[in-house]
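A structural walkthrough
Chain by chain, the residues run as shown.
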Amino acid sequence: MAPVATPFFFYFLSGLALVSGILVITRKNPVHSALALILTLLALAGIYLMLYAPFVAGVQIILYAGGIMVLFLFVIMLVDVGRAEKERQFNKQWLVAIAATLGLGILFVKVFTASKTLAELLKRPLAQLPETSNTQQVGFSLYGQYMLAFEIASLLLLVAIVGAVVMAKKRI
Amino acid sequence: MGTIGVLTRRNVVIVLMSIELILNAVNLNLVAFSRMWGLQGQVFAIFVITDAAAEAAVGLGILIAFFRNKETVNMDEVDLLKW
């Protein structure tokens, strides 16, 4: 299969994801934040497509950009944006936050460079691309090898739905 | 990025969005390594997306209940359990 992953697209998409990620945490208006988050999610879906994971990309667009973001926007409309915007938006934890993020980043890089299995993994030839379609493969392993985890996830979703309804209801 | 958001913003909605950013970073790693390892990473990424959906639903439910009680979405006002 000819590679579809050109460096230009990769840098474009990751730059888009990074910039809109910064926008998410710096905008004052939560609606702007939500729109920037949608942009981030779409850019990530594009990167998934470049990594030969079309099923995950589809799930990302439908579930995240479609479902979860509608939920977010709905709640933003429900709570009072206008008044909240006049309040102070940032607390005074910049130093702590940047230190924690830098620490995490350094830890991440250390783990990546120190791990031997990872070094071997990176030497491997890139994915033996399956002949059958990606969605079919994911389906087989989701309903075969990971059956139990799948059922537990469905139970988790059920509990989450019930919990959200109970908490958001005025009187039970 | 997500950690900065979680630690610095005072608006609960944006803190929840930052959590979504963190989960997306995890997903990106999983999918990128599944490129070399096999399909497991993609399956796990789907489970992470499921968990993110559940978490968003419960978190926003809590947020609505909280807003009804306190009429604010400010993180610093969440101190009912403070001694």
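Residues numbered from 1 in each chain as written. Chains lettered and ligands numbered in written order. Predicted model: local features only at pLDDT ≥ 70, side-chain atom pairs only at ≥ 80, totals over all residues. Heavy atoms only, no water.

So, on to the overall build of chain B. Across its full length, chain B holds three helices and zero strands. In chain B, the succession of α and β elements from N to C terminus is α-α-α. Here chain B, with 83 residues, has 58% of them falling under the buried criterion. Restricting to contacts in chain B with at least 6 residues of sequence separation, those with at least 24 account for 42%. Of the accessible surface of chain B, which amounts to about 3500 Å², a share of 70% is contributed by carbon and sulfur atoms. (Helix = DSSP H or I, 4+ residues; strand = E, 2+ residues; numbered from the N terminus. Buried < 20%, exposed > 50% of the residue type's maximum accessible area, 1.4 Å probe, protein only. Contact = heavy atoms within 4.5 Å. Areas by Shrake-Rupley, 256 points an atom, 1.4 Å probe, with all protein chains shown as cover.)

The next subject is the nonpolar core. For soluble globular proteins, the rule of thumb is that nonpolar side chains tend to be buried together. Ranked by size, the top nonpolar core spans 27 residues in total, and within it V24, L37, M69 and F72 of chain A together with M17 of chain B carry the most contacts. Contributing elements (two or more residues each) for this core: helix 1 (7–26), helix 2 (30–50) and helix 3 (54–78) of chain A together with helix 2 (12–37) and helix 3 (40–70) of chain B. The element best represented in this core is helix 3 of chain B, accounting for eight residues. With 19 residues, the next largest nonpolar core counts I47, Y48, M50 and A57 of chain A among its residues. (Core = buried A, V, L, I, M, F, W, Y, C linked by side-chain atoms within 4.5 Å.)

Quick look at a nonpolar patch on the surface now. Where nonpolar side chains cluster on the molecular surface, the patch consists of L104, L107, F108, V109, V111 and F112 of chain A and spans about 540 Å² of accessible area. Among the secondary structure elements, F108 of chain A is positioned in helix 5 (residues 94–114). (Patch = residues over 30% accessible without salt bridge, like charges linked within 9 Å, V, L, I, M, F, W, Y side chains within 5 Å. Salt bridge = Lys/Arg side-chain N within 4 Å of Asp/Glu carboxyl O.)

Moving on: the packing of aromatic side chains. All names here are of chain A. Enumeration over the complete set of coordinates arrives at four aromatic pairs over all chains. Ring geometry for F10 and Y11: centres 5.5 Å apart, planes at 65 degrees, overall edge-to-face. On the accessibility criterion, F10 (38% relative accessible area) is partly exposed. Among the aromatic residues, ring-to-ring pairing joins F8, F9 and F12 into one connected group. (Phe/Tyr/Trp six-rings, centres within 6.5 Å; stacked < 30°, edge-to-face > 60°.)

This next bit is on the confidence of the model for chain B. With 69% of its residues at a pLDDT of 70 or more, chain B has an overall mean of 74. As scored by the predictor, the complex reaches a pTM of 0.78 and an ipTM of 0.77. (pLDDT = per-residue confidence, 0-100.)

All names here are of chain A. Here I106 lies in helix 5. Residue I106 is classed as exposed on the basis of its relative accessible area of 53%. As for I106 and N29, which are separated by 77 residues in sequence, their C-alpha atoms are 31 Å apart.

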